[in-house]
Amino acid sequence: MRDAGAALPGSVLEGAQGRWRGNPYARVAPATSEMTMITRPNWPRRARTLCLALPLLAAACQRHDDSASLMADAARYRQRGDVKSATIQLKNVLQREPGQRLARQQLGELYLQSGDPVSAEKELRRALELGASVDIVAPMIGKALLMQGQFERVLEQVSVAGTPVQRAAAIALRANACLGLGKIEEAARQFEQALALDGASADAMLGLSRLAVAKGKTKQAMDMIERALAAQPKHIDALRFKGDLQRAQGQGQLALPNYERILALNPADAQAHLDIANVRIDAGQFQQARADIGAARKLASSSVAVVHASALLDFREGKTAAALDGLQQVLRSAPDHMPSILLSGAVQLALASPQQAEQHLQRYLAAYPRHAYAVKLMATAQLQQGRPDAAIAQLAPLLSDGADDGELLTLAGEAHMRARHFAQASEYFERASALQPDMPMLHTALALSRLGTGDSARAVAELERAAALGKMNARTGVLLVMAYLRNQDSDKALSSIERMENTQSNPLIQNLKGLVYLARQDLARARTSFEHALRIDPQFMPALDNLVQVDLLEKKPDQARQRLDAALARAPRNAALMDAQARLAERSGKQPDALAWLEKSYAAQPDSAAAGLRLGAMYLRAGAAPKALLLAQKLQAANPARADALGLLAQAQLANGDATGAIDSDTKLAALLPRSVPVQLHLAQAQLRAGDTNAAMAALKKALAIDPAQLDAQSALHGLLLGRKAYPQAMAIATAVQKQHPEAALGDKLEGDVFLAQEQALPALKAYERAFAREPSGPALIATIVALQRAGKSALGEARMKAWLAQHPADTASRLYWASAKLVNKEFAAAMEQFEIVLKSEPDNIVALNDMAWASQQTGDQRARGYAERAYRLAPGSPAVLDTLGWIYQQAGDAKHALPLLQKAAAGAPDAANIGVHLAEALAKSGDKEGARKQCELLLARQQSFPQRAQVKAMLAAL
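A. Fine view of the overall build of the protein chain. Counting its secondary structure elements, the protein chain contains 53 helices and zero strands. With 959 residues in all, the protein chain has 51% of them scored as buried. Sequence-distant contacts, at least 24 apart, represent 51% of the contacts inside the protein chain between residues at least 6 apart. By element, 53% of the accessible surface of the protein chain is carried by carbon and sulfur atoms, the whole surface being about 43900 Å².

B. Region of interest: the pattern of salt bridges. A complete count under the given rule lists 40 salt bridges for this structure. Linking Asp223 and Lys219 is a salt bridge whose minimum nitrogen-to-oxygen distance equals 3.2 Å. Here the residue Asp223 and the residue Lys219 both occupy positions in helix 10 (residues 218–231), the gap between them amounting to four residues, near one helical turn. The class of Asp223 is partly exposed, set by a relative accessible area of 43%. Between Arg563 and Asp551 there is a salt bridge; the shortest N-O distance is 3.0 Å. Here Arg563, found in helix 30 (residues 557–570), pairs with Asp551, found in helix 29 (residues 541–553); they are twelve residues apart in sequence, far enough to count as distant. Each of the two residues, Arg563 as well as Asp551, counts as buried.

C. Highlighting the nonpolar core. By size, the foremost hydrophobic cluster in this structure holds 122 residues, and its most contacted members are Leu343 and Leu395. Residues Ala819, Leu849, Leu885 and Leu919 belong to the second largest nonpolar core, which totals 37 residues.

D. Examining unusual backbone geometry more closely. In the Ramachandran plot, Lys725 falls in the positive-phi region, its phi being about 60 degrees despite a non-glycine side chain. With respect to the helices and strands, Lys725 occurs in the loop between helix 39 (711–723) and helix 40 (727–740). Relative accessible area serves as the criterion here: at 61%, Lys725 is assigned to the exposed category. The phi dihedral of Lys826 is positive, around 65 degrees, even though this residue is not glycine. Within the fold, Lys826 resides in the loop between helix 45 (812–824) and helix 46 (828–841).

E. Seen up close, helix 37 (residues 677–689). Over its 13 residues, helix 37 runs 19 Å from end to end, which matches the ideal 18 Å to within 8%, given 1.5 Å per residue. On the buried face of helix 37, the contacting elements are helix 35 (643–655), helix 36 (659–672), helix 38 (693–706) and helix 39. Of the residues flanking the end of helix 37, it is Gly691, one or two places downstream, whose phi is positive at about 85 degrees.

F. The arrangement of the packing of helix 49 (residues 879–891) against helix 50 (residues 895–908) in detail. Between helix 49 and helix 50, the shortest axis-to-axis distance is 8 Å and the interhelical angle comes to 155 degrees. Relative to helix 50, helix 49 is oriented roughly antiparallel. Both helix 49 and helix 50 take part in a crossing whose hand is left-handed. Contact with helix 49, carried on its side by Pro879, Leu882, Asp883, Leu885, Gly886, Trp887, Tyr889 and Gln890, involves Ala895, His897, Ala898, Leu901, Leu902, Lys904, Ala905 and Gly908 of helix 50 and no other residues of that element. Across the contact of helix 49 with helix 50, the residue classes break down as ten nonpolar, four polar and two charged.

G. Inspection of the packing of aromatic side chains at higher detail. Throughout the structure, instances matching the rule amount to one aromatic pair. With a centroid separation of 5.7 Å and 65 degrees between ring planes, the pair formed by Phe772 and Trp804 is classed as edge-to-face. In this pair, Phe772 is assigned in helix 42 (residues 761–774) and Trp804 in helix 44 (residues 794–807), connecting sequence segments 32 residues apart. Look at Phe772 and you get partly exposed, because its relative accessible area is 23%. Judged by relative accessible area, Trp804 falls into the buried class, the value being 10%. Taking NZ or CZ as reference, Lys600 lies 4.4 Å from the ring centre of Trp597, over its face.

Thresholds, definitions, all that
Here the residue index of a chain counts from 1 through its sequence in written order. Residue-level local features of this predicted model are given only where pLDDT is at least 70; pairs of side-chain atoms are given and counted only at 80 or more, and the full residue set underlies all totals for whole chains, interfaces and linings. The side-chain values count all of the structure's non-hydrogen atoms but skip hydrogen atoms and water molecules. Strands are runs of DSSP state E lasting at least 2 residues, helices are runs of H or I lasting at least 4, and numbering of each runs from the N terminus. Residue exposure (1.4 Å probe, protein chains only): buried if accessible area is under 20% of the type maximum, exposed if over 50%, otherwise partly exposed. Should any heavy atoms of two residues lie within 4.5 Å, those residues are counted as being in contact. Computed with a 1.4 Å probe, the accessible areas rest on the Shrake-Rupley method; for each residue, only the protein chains presented here act as cover. Counted as salt bridges are all cases of a side-chain nitrogen of Lys or Arg within 4 Å of a carboxyl oxygen of Asp or Glu. Definition used in this section: a nonpolar core is a set of buried Ala, Val, Leu, Ile, Met, Phe, Trp, Tyr and Cys residues joined via side-chain atoms within 4.5 Å. A helix is expected to span 1.5 Å multiplied by its residue count minus one. Axis definition: a line fitted to C-alpha atoms, over the contacting stretch in the case of helices. Angles run 0 to 180 degrees between N-to-C directions. Here the word oblique covers every angle except those under 35 degrees (roughly parallel), over 145 (roughly antiparallel) and from 65 to 115 (roughly perpendicular). In this scheme, a crossing is called left-handed if the near helix is turned counterclockwise away from the far one by less than a right angle; it is called right-handed if the turn is clockwise. Amino acids outside the nonpolar list (Ala, Val, Leu, Ile, Met, Phe, Trp, Tyr, Cys, Pro) and the charged list (Asp, Glu, Lys, Arg) are all regarded as polar, and Gly is one of them. Pairing of aromatic side chains requires ring centres within 6.5 Å, counting the rings of Phe and Tyr and the six-membered ring of Trp. Pairs whose planes differ by under 30 degrees are stacked, by over 60 edge-to-face, and all others tilted. As a reminder, the over-ring test applies to NZ of lysine and CZ of arginine, requiring each to be within 6 Å of the ring centre and within 35 degrees of the ring normal.

Here is the structure:
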């Protein structure tokens, strides 16, 4: 955020309750002490007793004489404006006589005047307990409560009684409490009532002025405050409010005389010094501001307001650690001090702690939901946590007001761009740049949004304009080069890089140059540029990654690995290098190696949520669902406000069969990201797993309400409608997709699905063939072949698949489908032939290995165990792989190794009936009849229909 301190709290204008300072009800009690009359002794007592009593009576008289002198001194100091000395004298009185109610009362008044409402309330309540006048003390306690923001307590404890003037004062107090609670109409009614009782009530006029500010009627507010000052020219709160109002309008120099007038009336007013300091801070006059804060500290060293002002100054001077220490001190003594809560949010953002910032800002926005500065801070915190949808929702109310705030519009543009709403982002950036046309940053941001919409020409124009407004900075230069590359204009890209090279020497530019040569397929020059970047900074990871890419393009994976090994030898705990090793291993198809490197990376940076999230995602891809769940639970507990941590937890819960837990996590995630389609899609998936199709359909419809053309949501909802035989509704979705995406194949494919579900094979075939003609692909061909089989044309389907694979031998997915179909038809030899072709090009293909093992086992091929064990080494957490290997062991009579594998497989896929049946048989053959019986009963209870149901019932009867 720009100039983060400029709009920080410090004025009454921030919220409806305003800022309470000073004390219009303060009364200086007479400087006398209450002398206790000493009665004549009871003469019948013994003389010895009388002799002992006389010294005690004399000491008591001496104490009262000393207290009277101290009270008189305190009064004189107050008249001179020396609050600190007066406070010391009153404390001396109370040290001698803790029950001196007048000293308690006057000390409470002094605390109010110096802006310390917490201490004031404590002393005033003690004075009441000691018998002080309720009429005098109760209003002051009400004032202290208001200063602390304890509005409900004001309404509970301040009663309306006494003379019309006293009643008007009490009503004004209650009205201000209503104002603080957001009860605007009730507050207005009570202020008018107070003014009717006392036409000169500056408190009531001040309250009405505050109401006018809350409604945006600044002129009316100023007129009312002038009226209050005409009635009571020395009303300190009215003078202060006038200064605050002027300061809020950017007229700090006009505000100064009002604050200085307060000091002339009451030299002990610490808050006036702080107000002047705030004006200095706004003007960037930090040295003078510190002197003003020092003057306030001399008057009220422990005042919350003083510590807050000092923290604000520290923050504006960039001393964030010192600012945080001061704010923590404030919030320990006054946990509801709203200005410090807001400033804490700003400070935590500056310290790169967006989650802690969000916690403070949530509290502040609960009280002031439309406070512009707080809203912008909150949106920034949400963006820093990767939650653009939440930021968009946060900014929406302010944007609906048609705000002319360039910073707000820029932030909205950034949020929409991160959410990939590029058209909306462009609109906000255009409005912001119209307000600030000479800011290169805005033109760069607008260019980014143009790139997002595919408007490269206008994006380049904006970037060129940004570059022309000043020296081309790295970000603008990079974007301009990338835009030129997108337009396939590498000459202009190189020209821009040369301009940057003339003024800057950094690895980023050389890396960018290498990317241009890479785009030209000039690998030699690309390598030279990347190596140049690494000479400038040996740890510059983008260049190292790109060199690895060049190695791979030149088919030198060993050289790429050696390069990373050498870098790690120089920096053995460099987590980024470990991540690079993981990426290389994954590109090479070595998932176990990739997983091992990510585990090392996370071990090197255990507090890094990003590293943990990468490892968790890899666990899920590798089928290690239990490990993924443990890690996700740890990450979410440590980062409760991170949407990505909660998202990983939801995925891990679903992968572990905990659909209920996944639904709970996804529901919480949807609250954080209310406009996220992927969240709704995952929620629908979890609800389907839990068997709640109605809830799943509701989630999919919500996804489509967010984005009516979202293909995944349309496709999923279409499938559910087909499952319910709601064919007209399913066809409506297919038609909508055809209209929304006329060039895409999906609409025709969905239409074919509707026909095929109704056993109308020929219309389905026509639709599938249209889809294949639009987008020839393996999946489109497979759908066509299914329709051909249903239409009795299996031979034609077989011929088409052979022809397709002859033209596309690398289409592993289609070959695996064809092989699996033959496996289902028990054409084991033909299936194995296709699996062998796959394994020649992809020896670590887990699906091919696992199915090859199964087919080999069915034909008695001795290679079955070897294939299964290779698959297990690559994917030890896969239920299908565990089942295959376990069953092969079982058939070979190796129950010791078979049973643990089958148990783990069943736990990982509790709904897979074939795995459950294998486990039941293995338990029975191992002699565990009770375990086998329970497994059979579980299978029969869990699924009403599955192919092996009769077999399971027979097994149960035999047990």
